[in-house]
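Observations on chain architecture
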Amino acid sequence: MGRPDDAPAPGDKDAIEVLWLDYQRACQVKVEGFAAAPLGSSRILADERALLVMQGVKRAHATLRREFEKDLEPLPAVGEHLVVLDGAGQPRAIVRNTHVELRRFCDIDDGFAFAAGEGDLTLRWWLTAHRQEWSEQAEREGFEIGETSELVLEFFDCVWPQPQTLGPPSQ
């Protein structure tokens, strides 16, 4: 799923800045900081998940807690923004966290799997896919993964681009 040779490209800083400034201008918000990252360890996963975010299907995401610890990054917080990147490093959407929590892998439930918006939206599908993804990563990077591994769950709203409302055709 996420071999190093198919890792997402680095973010396009210029395009990220344009999207961020467009969001702040259009929504009349002033936000000092944000992060930009893909929501997948491969280009394909990053593309799929970015599209799901833009469609409003994906409203939650899980990350191994160790990812924050190894990079010495603070855990995400409610109200923080993330520019979601696709596999080519292009910004596709901006999300804002509405809820963040720590949960063990074995404690993931149907509600989270549905909010994560992947596959057939079931817990079974989510567990199978993420066991595979994180097991492959653990093997590559030399760490242990198991049912009690701690995850950081982020629930969010897509705040930009805003969904387009369909009105009557222009004449």
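Residues numbered from 1 in each chain as written. Predicted model: local features only at pLDDT ≥ 70, side-chain atom pairs only at ≥ 80, totals over all residues. Heavy atoms only, no water.

Description of the overall build of the chain
- Regarding its fold elements, the chain presents 5 helices and 5 strands.
- Tracing the chain from N to C terminus, the helices and strands come up as α-β-α-β-α-β-β-α-α-β.
- Taking 171 residues into account, the globule formula puts the C-alpha radius of gyration at 16 Å, and the chain, at 16 Å, falls close to it.
- With the C-alpha coordinates of the chain rotated into their principal frame, the extents come out at 60 × 30 × 30 Å.
- Counting over 171 residues, the chain shows a buried share of 41%.
- Considering only residue pairs separated by 6 or more positions, the chain has 74% of its internal contacts joining residues 24 or more positions apart.
- A total of about 9900 Å² of accessible surface is found on the chain, and carbon and sulfur atoms cover 52% of it.
- Here the chain carries 18 positive and 30 negative side-chain charges, and the mean point of each set is 1 Å from the other. (Helix = DSSP H or I, 4+ residues; strand = E, 2+ residues; numbered from the N terminus. Rg over C-alpha atoms; globule rule 2.2 N^0.38 Å. Buried < 20%, exposed > 50% of the residue type's maximum accessible area, 1.4 Å probe, protein only. Contact = heavy atoms within 4.5 Å. Areas by Shrake-Rupley, 256 points an atom, 1.4 Å probe, with all protein chains shown as cover. Lys, Arg positive; Asp, Glu negative; His and termini not counted. Charge placed at Lys NZ, Arg CZ, Asp CG, Glu CD.)

Comments concerning unusual backbone geometry
- In this chain, Trp-160 is followed by Pro-161 through a cis amide linkage whose omega measures -5°.
- Assignment of secondary structure puts Pro-161 in the segment after strand E5 (150-160).
- Look at Gln-28: it is not a glycine, yet its phi comes out positive at around 50°.
- For Gln-28, the position within the fold is in the loop between helix H1 (13-27) and strand E1 (35-38).

Details of the pattern of salt bridges
- Within the structure shown, the criterion is met by 15 salt bridges.
- The salt bridge partner of Glu-67 is Lys-70, with a shortest N-O separation of 3.3 Å. Note that Glu-67 and Lys-70 are positioned in helix H3 (residues 65-70) at a spacing of 3 residues, about one turn of the helix.
- On the accessibility criterion, Glu-67 (17% relative accessible area) is buried.
- For Lys-70, a relative accessible area of 41% gives the class partly exposed.
- The salt bridge involving Asp-86 is made with Arg-92; its shortest N-O contact spans 2.8 Å.
- Using a relative accessible area of 35% as the deciding quantity, one classes Arg-92 as partly exposed. (Salt bridge = Lys/Arg side-chain N within 4 Å of Asp/Glu carboxyl O.)

Quick notes on the sheet that holds strand E2 (residues 60-64)
- Read across the open sheet, the 5 strands follow the order E1-E3-E4-E5-E2; overall the sheet is mixed. For this open sheet the edge positions go to E1 and E2, each flanked by a neighbour on one side alone. Averaged over all pairs of adjacent strands, the angle between their axes in this sheet comes to 40°, without regard to strand direction.
- Where E2 lies against E5, 5 bridges are found, and the strand directions are antiparallel. Directly across from Leu-64, in E5, lies its bridge partner Leu-151.
- Taken strand by strand, helix H2 (residues 43-54) contacts E1, E2, strand E3 (81-85), strand E4 (91-104) and E5, and its axis lies near 95° from that of E4. (Pairing = 2+ DSSP bridges. Axes fitted to C-alpha atoms, helices over the stretch in contact; angles between N-to-C directions.)

It is worth stressing that arrangement in space is one thing and function is another; only the former is reported here.
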